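Here's the letter readout for the chains.
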Amino acid sequence: MTTLPRGRSMTRANLEALLDDGWRHELVDGALVTTPAPRWRHQSAIVRLLVALDATCPGDLRVVVAPFSVVLGPDTVVQPDLLVAPRAAITETELLGAPVLAVEVLSPSTTHIDLGLKKQRYAAAGCPAYWVVDPGTTSTEPSITAFALEDGIYVEAAASRGDEPLTVASPYPVRVVPAELIT
């Protein structure tokens, strides 16, 4: 992962002017964050979680997979691995504002960004639900932690690992078994 020093602050316009080089480019507080292509476990978790979220998604919401820009401010444009947002708020190219659910799947190169900086930015933007999926990157078995926004801070709402199902009611009822995300 590469980031530019804070002294060289970028804007959304600078981000849009970058050439498409096959890497994921995000902008967090004016700093460019570039990450390599994800590994197999990461991709498997995204695909299976997409299917689970989409299967019970209400008609007024849409599940979107990365890369898709979420504009949280003039100097913050992120691309969660998965997001759920109102259909009416999604344009052909981006979501202006916070989704109702942002999901980040941990990778060796993104773990500290996903658990720190991006989690804080989603909370500050008012994203009601944030999930962190570990496909076995930082632990011996897959896990999911679901956070809910309370008074501007994420608190753990539910967590599961391995064969234990995660069942949540917000933003809508979903049941996911972490181990099944990478089988």
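Residues numbered from 1 in each chain as written. Predicted model: local features only at pLDDT ≥ 70, side-chain atom pairs only at ≥ 80, totals over all residues. Heavy atoms only, no water.

Undergrad: Can you help me understand the overall build of the protein chain in this one?
TA: In terms of regular secondary structure, the protein chain is built from 3 helices and 14 strands. In terms of C-alpha radius of gyration, the protein chain reaches 16 Å, essentially the compact-globule figure of 16 Å for 183 residues. Long-range pairs, those at least 24 residues apart, make up 52% of the contacts in the protein chain with a sequence separation of at least 6. Accessible surface, the protein chain: about 8,900 Å² in total, of which carbon and sulfur atoms supply 54%. Taking the average place of the 14 positive charges on the side chains of the protein chain and the average place of its 21 negative ones, the gap between the two points comes to 3 Å. (Helix = DSSP H or I, 4+ residues; strand = E, 2+ residues; numbered from the N terminus. Rg over C-alpha atoms; globule rule 2.2 N^0.38 Å. Contact = heavy atoms within 4.5 Å. Areas by Shrake-Rupley, 256 points an atom, 1.4 Å probe, with all protein chains shown as cover. Lys, Arg positive; Asp, Glu negative; His and termini not counted. Charge placed at Lys NZ, Arg CZ, Asp CG, Glu CD.)

Undergrad: I keep staring at helix H2 (residues 40-55) and nothing clicks. Help me out?
TA: Because each turn of an α-helix spans 3.6 residues, side chains separated by three or four positions in sequence point in the same direction. Across its 16 residues, H2 extends 23 Å between first and last C-alpha, which sits within 8% of the 22 Å expected from 1.5 Å per residue. Taken together, the buried positions of H2 are occupied by His42, Ser44, Ala45, Ile46, Leu49, Ala52 and Leu53. Here the buried face of H2 lies against strand E4 (61-65), strand E7 (82-86), strand E9 (101-105), strand E10 (129-134) and strand E14 (174-176). (Expected span 1.5 Å × (residues − 1). Buried < 20%, exposed > 50% of the residue type's maximum accessible area, 1.4 Å probe, protein only.)

Undergrad: Looking at this model, I keep getting lost on the sheet that holds strand E12 (residues 153-161). Mind explaining?
TA: The pairing of strands in a sheet comes from backbone hydrogen bonds and takes either a parallel or an antiparallel form. Pairing is mixed in the open sheet, where 6 strands are placed in the order E4-E7-E9-E10-E11-E12. Of all the strands in the sheet, the pair left with one neighbour each is E4 and E12. When strand polarity is set aside, the average angle formed by the axes of neighbouring strands in this sheet is 20°. Its contacts with the sheet place H2 against E4, E7, E9 and E10, and it is angled at close to 155° to E9. (Pairing = 2+ DSSP bridges. Axes fitted to C-alpha atoms, helices over the stretch in contact; angles between N-to-C directions.)

Undergrad: What am I meant to see in the packing of aromatic side chains here?
TA: Any two aromatic rings considered together are summarised by their centre-to-centre distance and by the angle between their planes. Taken as a whole and assessed by the stated rule, the structure comprises 4 aromatic pairs. Taking 6.4 Å as the distance between ring centres and 55° as the angle between the ring planes, the aromatic pair formed by Phe147 and Tyr154 counts as tilted. You can call Phe147 buried: its relative accessible area is 13%. Through pairs of rings, three or more aromatic residues link up here, namely Tyr122, Tyr130, Phe147 and Tyr154. Sitting above the plane of the Phe147 ring, Lys119 keeps its charged end 3.8 Å from the centroid. (Phe/Tyr/Trp six-rings, centres within 6.5 Å; stacked < 30°, edge-to-face > 60°. Lys NZ or Arg CZ within 6 Å of the ring centre and 35° of its normal.)

Undergrad: Where do I start with the layout of surface pockets in this structure?
TA: Take a probe with the size of a water molecule and roll it over the atoms, and the empty space left behind shows itself. Taken as a whole, the largest pocket spans an internal volume of roughly 770 Å³. Around the largest pocket, the lining comprises 40 residues; the ones closest to its centre are Trp23, Arg24, His25, Pro67 and Gln79. Elements represented by at least two residues in the lining of the largest pocket include exactly helix H1 (12-17), strand E2 (24-28), strand E3 (31-35), H2, strand E5 (69-73), E9 and helix H3 (111-125). Residue classes in the lining of the largest pocket are distributed as 18 nonpolar, 11 polar and 11 charged. (1 Å grid on protein atoms, 1.4 Å probe; cavity = no way out; pocket = protein on both sides within 12 Å on 5 of 7 lines; lining within 4 Å. Points joined across faces, edges and corners; volume = space filled by probe spheres on them. Nonpolar A, V, L, I, M, F, W, Y, C, P; charged D, E, K, R; others polar.)

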